[in-house]
Amino acid sequence: MSGTIFDIKEMAVHDGPGIRTTVFFKGCPLRCRWCHNPEGLSQKPQLMFKENRCRHCGLCYKKCDHEECKPFGRCVHICPQNCLEITGKTVEAATLADELKDSAKVLGNTFGGFTFSGGEPLFQYKFLLELIDKLKNYHLCIETSGFAQNEVFKTVIDKLDFVIMDIKIADNDLHKEFTGVDNTRIIENYRYLKASGKPHIIRTPLIPNICDTEDNLSAIKKIIGESPWEKLPYNSLAGAKYKMLGMEYGL
């Protein structure tokens, strides 16, 4: 089965136990106003244009025969300043698994495992499940919003070794206002995760005046109890990629 990814990060140390390789899945059902991976929102490949490098030579608008360039009406490969980049590619699960295994050999016994991030990996759960099965002899982790049908969440989580899950906003109405979806499924899925005994960490991004309020953090604490909890500082550079993708930053 094929799926769409937009990045693979090797030597990752913040995406689960040990030194890992993180695969970033393209596509997400949430629209968090502060999202720092906007290239992970759409499941389709996108053109990233680094305008600050552009000399306006016009070479990229000349006709080319590259199949990957045709959807964008520009040649991605000709730019002398490397202003253009396609973010997102379609891969077969079996092919990707082989590539990941080869990359892991370099670290030998120090390799911690693979982490599936995004975007939202559960958005492509069938592709994810096939990839998990082909990597089953490794330590496997997911970074997820937890927004998925309950049966999908359970099926995926039961196959993994570690879960990093976001709980961003406790109030349902505020969650829908700032992420585009309510948090009913998320809370239900978290409760399944906790009851399962699966090793996990809950993460909350400290978005100023949205997620970092005393009321919100206190409410999240009541939900998660003694679950390990990381509070992530707001990334003030989060909006930089939006313009390159022709998108607007929500904050």
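None of the values given here were measured: they were computed from a predicted structure.

Colleague: I'd love a proper account of the pairing of strand E1 (residues 2-12), names of residues and values included.
Modeller: When E1 meets strand E5 (residues 89-92), the two strands line up antiparallel, connected through four bridges. For Thr4, the partnering residue across the bridge sits in E5 and is Thr90. Note: E1 against strand E2 (residues 19-25), five bridges, orientation antiparallel. Its bridge partner being in E2, Ile8 is matched across the sheet by Val23. Here E1 folds back onto E2, and the loop between the two strands holds six residues, one of which, Gly16, carries a positive phi near 125°.

Colleague: Give a detailed account of the pairing of E2, specifying residues and quantitative values.
Modeller: Counting buried positions along E2 gives six out of seven residues, so the element sits mostly inside the fold. One ladder, built from seven bridges, connects E2 with strand E6 (residues 111-118); its direction is parallel. The partner of Thr21 across the bridge, within E6, is Phe114.

Colleague: Now, about the nonpolar core: what can you tell me, with residues and values included?
Modeller: Within the largest apolar cluster, 53 residues are counted, with the highest numbers of intra-cluster contacts made by Phe116 and Ile142. Beyond its immediate sequence surroundings of up to four residues, Phe116 is in contact with Val23, Phe25, Pro121, Leu128, Leu131, Ile132, Leu135, Leu140, Cys141, Ile142, Glu143 and Leu160. Counting residues in each nonpolar core, the second largest holds seven residues, with Cys60, Cys69, Cys75 and Val76 among its members.

Colleague: Let's hear about helix H1 (residues 93-104): which residues, and what values?
Modeller: Taking 1.5 Å per residue, twelve residues should reach 16 Å; H1 reaches 16 Å between its end C-alpha atoms and fits that length. Residues of H1 that are buried: Ala93, Leu96, Ala97, Leu100, Ser103 and Ala104. Angular distribution of buried residues about the axis of H1 spans 125°; they occupy a single face of the element. Taken together, the buried residues of H1 touch E1, E2, E5, E6 and helix H2 (125-134).

Colleague: If you had to explain the packing of aromatic side chains to someone new, which residues and values would you point to?
Modeller: Counted by the stated rule, this structure contains seven aromatic pairs. Aromatic pair Phe25 and Phe116: ring centres 6.1 Å apart, planes at 85°, arrangement edge-to-face. Taken together, the residues Phe25 in strand E2 and Phe116 in strand E6 connect sequence positions 91 residues apart. Accessibility classification places Phe25 together with Phe116 in one group, the buried group.

Colleague: Describe the packing of helix H3 (residues 150-157) against helix H5 (residues 184-196), listing the residues and the values that go with them.
Modeller: Between H3 and H5, the least distance of the axes is 10 Å, while the angle of their chain directions is 35°. As for how H3 packs across H5, the hand of that crossing is right-handed. Residues Asn150, Phe153, Lys154 and Ile157 of H3 pack against Arg185, Glu188, Asn189, Tyr192 and Leu193 of H5. Broken down by class, the residue content of the contact of H3 with H5 amounts to four nonpolar, two polar and three charged.

Rules used throughout
- Residues numbered from 1 in each chain as written.
- Predicted model: local features only at pLDDT ≥ 70, side-chain atom pairs only at ≥ 80, totals over all residues.
- Heavy atoms only, no water.
- Pairing = 2+ DSSP bridges.
- Helix = DSSP H or I, 4+ residues; strand = E, 2+ residues; numbered from the N terminus.
- Buried < 20%, exposed > 50% of the residue type's maximum accessible area, 1.4 Å probe, protein only.
- Core = buried A, V, L, I, M, F, W, Y, C linked by side-chain atoms within 4.5 Å.
- Contact = heavy atoms within 4.5 Å.
- Expected span 1.5 Å × (residues − 1).
- Arc of directions from axis to C-beta.
- Phe/Tyr/Trp six-rings, centres within 6.5 Å; stacked < 30°, edge-to-face > 60°.
- Axes fitted to C-alpha atoms, helices over the stretch in contact; angles between N-to-C directions.
- Left-handed = near helix turned anticlockwise from the far one by under 90°.
- Nonpolar A, V, L, I, M, F, W, Y, C, P; charged D, E, K, R; others polar.

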